[in-house]
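Coordinate analysis (summary)
Next come the chains, spelled out residue by residue.
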Amino acid sequence: MTQPKVIVIGNEKGGAGKSTLAIHLATGLLHGGASVSVLDLDIRQQSLGHFFANRRAWLAANNQSAPMPREHVLEAKLAAQPEDIVLARFLSALDEAASSDFILIDTPGADTALSRAAHGKADLIVTPMNDSFVDFDTLGVVDPVTLELKRPSLYSETVWNSRKLRAMESGLSIDWVVLRNRLAPTEARNRRRVDERVQALSRRVGFRIGPGLRDRVIYRELFPFGLTVADLSPSIKPVAMSLQHVAARQELRALMASLNLPLGSAA
Ligand SMILES: Nc1ncnc2c1ncn2[C@@H]1O[C@H](COP(=O)(O)OP(=O)(O)OP(=O)(O)O)[C@@H](O)[C@H]1O
Ligand SMILES: [Mg+2]
């Protein structure tokens, strides 16, 4: 049996769009015909768990069907357990997921032992970041006067250490893609500056830059239904269709393509 591809969505910065990206990648992969296991390491927040619970409820109430992932739940009570027990549960969840094509892991916006362990198991790390120097700060330090990149910072070091760990454990490398999220059409000057620093950092610490996602209502308004734009169809349309949906679908398609995921032609 081939090994599943492990995708970790990570960024120590809270609110960068990790869970939003996770649900869009999960539904994109499912509609691409893949079997997907999902793990939510944000044990307290459980955004993914809530999303898929909403999905089940909405589909049942509306007599519709849509592809579902396999969920491997790390129960809330684990949060009070010692680190070794939590890590053992994580490893057993990975074993349970071993027959899926993809294991998609959402991580909390903080540096936890669990999050670090997951990064060390990744084939691919996808990092969304808001289009701002506040968010850039967890990836790299810029000079306050010249805005030149001075050095990589916290989260880049986490990924660096994960790469070392993965290379030592299995001789495998980790592909890392950083993408800008919630892009606003009106911020050309700020964007150009952030762009330049992201490019400099990408050369320095070795990540690829993925196509960004605009700030769009459609990326958040379908959450209560457990749906994403990938699910919308003539029979599944809890909100009225618009050009925004078409544009969002194109954006997501470009993002999926840039991740080089081993999906069949259905994607
Ligand atoms: N591209 C986008 N367009 C519109 N809203 C977005 C977009 N990306 C994220 N959001 C919204 O921004 C907020 C934060 O996103 P999300 O919860 O996905 O971030 P996170 O990185 O998972 O946060 P945390 O670190 O707390 O887990 C949410 O309200 C989400 O709906
Ligand atoms: Mg989250």
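Residues numbered from 1 in each chain as written. Chains lettered and ligands numbered in written order. Predicted model: local features only at pLDDT ≥ 70, side-chain atom pairs only at ≥ 80, totals over all residues.

Once that is clear, we can look at the pairing of strand β4 (residues 102-106). Within β4, 5 of the 5 residues are buried, which leaves it mostly tucked inside the rest of the structure. Burial along β4 is two-sided: Phe102, Leu104 and Asp106 facing one way and Ile103 and Ile105 facing the other are all buried. As defined by bridge partners, strand β1 (residues 5-9) adjoins β4 across 5 bridges and the pair is classed as parallel. Bridge pairing links Ile9 to Asp106 in β4. (Buried ≥ 20, exposed ≤ 12 C-beta atoms within 10 Å, placed from the backbone. Helix = DSSP H or I, 4+ residues; strand = E, 2+ residues; numbered from the N terminus. Pairing = 2+ DSSP bridges.)

This part is about the packing of helix α4 (residues 113-120) against helix α6 (residues 154-170). Put simply, α4 and α6 touch, their axes get as near as 8 Å, and they point 55° apart. By the criterion of interaxial angle, the relationship of α4 to α6 is oblique. Between α4 and α6 lies a crossing of right-handed hand. Contact with α4, carried on its side by Arg116, His119 and Gly120, involves Thr158, Val159, Ser162, Leu165 and Arg166 of α6 and no other residues of that element. When grouped by side-chain class, the residues that make up the contact of α4 with α6 number 2 nonpolar, 4 polar and 2 charged. (Axes fitted to C-alpha atoms, helices over the stretch in contact; angles between N-to-C directions. Parallel < 35°, antiparallel > 145°, perpendicular 65-115°, else oblique. Left-handed = near helix turned anticlockwise from the far one by under 90°. Contact = placed C-beta atoms within 7 Å. Nonpolar A, V, L, I, M, F, W, Y, C, P; charged D, E, K, R; others polar.)

Turning our attention to the site of ligand 1. With respect to spatial proximity, 19 residues lie near ligand 1, and among them Lys18, Ser19, Thr20, Gly109 and Arg220 are the closest. Broken down by element, the residue count for the shell around ligand 1 peaks at 3 residues, all from helix α1 (residues 18-31). Here the shell around ligand 1 is composed, by residue class, of 4 nonpolar, 9 polar and 6 charged. (Near = placed C-beta within 6 Å.)

Its identity as a non-glycine residue notwithstanding, Leu147 has a phi of 65°, on the positive side. Looking at where Leu147 falls in the secondary structure, it is placed in the loop between β6 (140-142) and β7 (149-152). A count of 13 C-beta atoms within 10 Å places Leu147 in the partly exposed class.

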